[in-house]
Amino acid sequence: MSSPRQVEVVVIGAGQAGLSTAWALARQGFAGGSGFVVLDDGARPGGAWQHRWPSLTVGTTHRVHDLPGLPFAPADDGLRAREVVPAYFADYERAFDLPVHRPVRVSAVSRTGDDRFLVRTDSGDWIADAVVNATGTWTRPFVPRYPGQELFRGRQLHTVDYRDAGEFAGRHVVVVGGGASATQLLGEISQVTSTTWVTRRPPVWREGPFDEEAGRRAVAMVEEAVREGRRPGSVVGVTGLLVSTPYIADGLRREVLERLPMFDRITEDGVAWADGSSVRADVILWATGFRAAVGHLAPLHLRQPGGGIRMDGTHVAGEPRLHLVGYGPSASTIGANRAGQAAARQLRRLLHPAAGARSAAA
Ligand code: FAD
């Protein structure tokens, strides 16, 4: 077996978070290849975007922010996000000659005897002074458990498996979840068949535009959660549903966004509430979000009783050499950009203090 390769920083994941970190590391003086590498388990560039459902267009995303240094300029809003964003990421990797190794799956990160990090992968191991984890959430879809779930004779799927509303024609679909994905998919599916929408909490409709202040408040709520080691909610999730968004406005007008409270159990042929009411269903679509894909960090024992990882800015509390970018408050394209750059600056100060002093003096 070959001995582990040595590098200063391993970045895990080449989505928005990993690429913005890689760009920033290069700018902070880390040499691509020997100073840092990016390990990504995708077959191609694009992060989670290459797996989004086909009907998600540039115009129906929340907004994909530019990666630092290269504008994202799709020719039109009607283009599929799963095609144009990965093409943009591929251009980006080429333009900045980023040292992305793929497909490489990281299975575990642990500490070495001399307090560095051992990054185990399916194609050789790495030893690094620092790790930036940027593995997103797409590979960890979350489906809550409800009594009777295993009895259901229809089809259950999570949004990660959704492809096209046409496949549900003539079937009654129960959509579960109160976020952007649920409302967007309800809009599509209700054009071809009947639907029921259930959410745990009543939806929060936002009338006005989503301004910077509202964005800051949303990020602050998630920041507080991760400082305390609680499981982070999604930033996009706490922003509320903008009634002016075309697919939401349309869904409200067609009265398909009439929500029922969460059911209490699942039956062989539908869902049922404790008051005795029920809805027959052929399909249950779980638009119930994701969890952070951090299973490979388990040997570091970071998980807190609150279910999350206690953070101090972009790094794990008490461990300035381990950053989580795209986690919690930075789990958006703009948040990932900022966090990637903040992480790279801190790593430069930590690992190249002399260079820091030089550039501060310059
Ligand atoms: P990802 O894009 O998921 O990249 C993580 C990468 O790490 C992937 O390539 C993955 O394969 C790889 N990886 C994972 N585990 C490992 C491992 N163990 N070893 C090696 N590689 C690994 N945010 C916005 O700001 N605007 C939007 O419009 C928007 N739309 C969204 C639409 C949907 C349907 C969803 C689900 C989310 C959306 N978001 C949006 C949130 C969005 O997910 C993030 O903003 C951003 O794309 C996440 O980037 P990331 O780099 O953190 O993760």
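Check the entry above for the structure.
Every residue gets a number counted from 1 within its own chain, in the order that chain's sequence is written. With pLDDT at 70 or above as the cut-off, local features in this predicted model cover only qualifying residues; side-chain atom pairs require 80 or more to be listed or tallied, and sums for whole chains, interfaces and linings still use all residues. Note: side-chain values were computed over all heavy atoms of the structure, leaving out hydrogens and water.

Peer 1: Any chance you could break down the pairing of strand β5 (residues 117-121) for me, citing the residues and the numbers?
Peer 2: Along a regular strand, successive side chains alternate from one face of the sheet to the other. For β5, the buried fraction is high: 4 of the 5 residues fall into the buried class. Sheet topology places strand β4 (residues 106-111) next to β5; 5 bridges connect them, and they run antiparallel. Bridge pairing in β5 links V109 to V119. The rule for pairing is simple: two strands pair if DSSP sees at least two bridges between them. Starting at the N terminus, helices and strands are each numbered in turn, a helix being any DSSP run of H or I of at least four residues and a strand any DSSP run of E of at least two. Connecting β4 to the next strand, β5, in antiparallel fashion are 5 residues, including D115 with a positive phi near 60 degrees. When a residue's accessible area, from a 1.4 Å probe over protein chains only, is under 20% of the maximum for its type it is buried; when over 50% it is exposed; and in between it is partly exposed.

Peer 1: I'd like a rundown of the nonpolar core, residues and numbers included.
Peer 2: Put simply, buried Ala, Val, Leu, Ile, Met, Phe, Trp, Tyr and Cys residues joined by side-chain atoms within 4.5 Å make one nonpolar core. Grouped together as the largest cluster of nonpolar side chains are 55 residues, with contacts concentrated most on V9, L19, L25, V85, Y162, I189 and L285. Pairs of residues are marked as contacts when any of their non-hydrogen atoms sit within 4.5 Å. Residues contacting Y162, with those up to four places away along its chain left out, are W53, P54, S55, L157, F168, L185, E188, I189 and L285. Grouped together as the second largest cluster of nonpolar side chains are 25 residues, I12, V37, V104 and I309 included.

Peer 1: Which residues make up the sheet that holds strand β13 (residues 265-267), and what values go with them?
Peer 2: Strand order in the open sheet formed by 3 strands is β13-β14-β15, and the pairing between neighbours is antiparallel. One side of each edge strand has no neighbouring strand; the edge strands of this open sheet are β13 and β15 (278-280). The average undirected angle you get between the axes of adjacent strands in this sheet is 20 degrees. With 3 bridges joining them, β13 and strand β14 (residues 270-272) adopt antiparallel strand pairing. Note on β14: the bridge partner recorded for I266 is V271. Lines fitted to C-alpha atoms define the axes here, with helix axes fitted over just the stretch in contact, and angles between the N-to-C directions of these axes take values from 0 to 180 degrees.

Peer 1: Run through the site of the ligand, naming residues and quoting values.
Peer 2: Put simply, a residue is near a molecule or strand once any heavy atom of it comes within 4 Å of that molecule or strand. Lining the immediate environment of the ligand, one finds 28 residues, of which D40, D41, H62, R63 and T333 sit closest. Definition of a polar contact: a pair of N or O atoms within 3.5 Å, with one able to donate and the other able to accept a hydrogen when the atoms are protein atoms, and with sequence-neighbouring residues admitted only if both atoms are side-chain atoms. In this structure, an oxygen atom belonging to the ligand sits 2.9 Å away from a main-chain N or O atom of A17. With respect to the ligand, the side chain of D41 contributes an N or O atom lying 2.4 Å from an oxygen atom. Reported accessibility uses the Shrake-Rupley method at a 1.4 Å probe radius. Residues are deemed covered only where the shown protein chains occlude them. In the complex, 90% of the free accessible area of the ligand, which totals 980 Å², lies under the protein chains. Each residue receives one of three labels: charged for Asp, Glu, Lys and Arg, nonpolar for Ala, Val, Leu, Ile, Met, Phe, Trp, Tyr, Cys and Pro, and polar for the others, Gly being one of them. Counted by class, the shell around the ligand contains 12 nonpolar, 11 polar and 5 charged residues.

Peer 1: Can you lay out the packing of aromatic side chains for me, pointing to particular residues and giving the numbers?
Peer 2: Any two rings among Phe, Tyr and Trp, with Trp reduced to its six-membered ring, count as a pair given centres within 6.5 Å; such a pair is stacked if its planes are under 30 degrees apart, edge-to-face if over 60, and tilted if neither. The full count for this structure, using the stated rule, is 12 aromatic pairs. Look at F263 and W273: their rings are 6.4 Å apart centre to centre, the planes differ by 80 degrees, and that puts the pair in the edge-to-face class. Pair noted here: F263 is in the loop between β12 (259-261) and β13 and W273 is in the loop between β14 and β15, with a separation of 10 residues, a long-range link. On the basis of relative accessible area, W273 is assigned to the buried category, the value being 11%.

Peer 1: Could you give me a rundown of the sheet that holds strand β16 (residues 283-286), with the residues and numbers involved?
Peer 2: Taken in spatial order, the 5 strands make up an open sheet running β7-β16-β8-β9-β12, and their pairing is parallel. With partners counted over all chains shown, the strands left at the sheet margins are β7 (155-158) and β12, one partner each. When strand polarity is set aside, the average angle formed by the axes of neighbouring strands in this sheet is 25 degrees. Taken strand by strand, helix α3 (residues 180-189) contacts β8 (173-176), β9 (195-199) and β16, and its axis lies near 170 degrees from that of β9.

Peer 1: Can you tell me about the environment of S2, naming the residues and giving the values?
Peer 2: Of note, S2 is situated in the segment before β1 (5-12). Of the residues examined, S2 reaches a relative accessible area of 62% and is grouped as exposed. With 123 residues separating them along the chain, S2 and D125 place their C-alpha atoms 8.6 Å apart.

Peer 1: If you had to explain the pattern of salt bridges to someone new, which residues and values would you point to?
Peer 2: In a structure, side chains of opposite charge can pair up when their charged atoms sit close to one another. Counted as salt bridges are all cases of a side-chain nitrogen of Lys or Arg within 4 Å of a carboxyl oxygen of Asp or Glu. As enumerated under the stated definition, the model contains 18 salt bridges in all. Between R105 and D41 there is a salt bridge; the shortest N-O distance is 2.4 Å. With a gap of 64 residues between them, R105 in the loop between β3 (100-101) and β4 and D41 in the loop between β2 (36-39) and α2 (81-95) connect regions that are remote in the sequence. Classification of R105 by relative accessible area gives partly exposed; the value is 44%. In this structure, E93 engages R102 in a salt bridge whose closest nitrogen and oxygen atoms are separated by 2.8 Å. Several salt bridges converge on common partners, so that one network encompasses R111, D115, E319 and R321.

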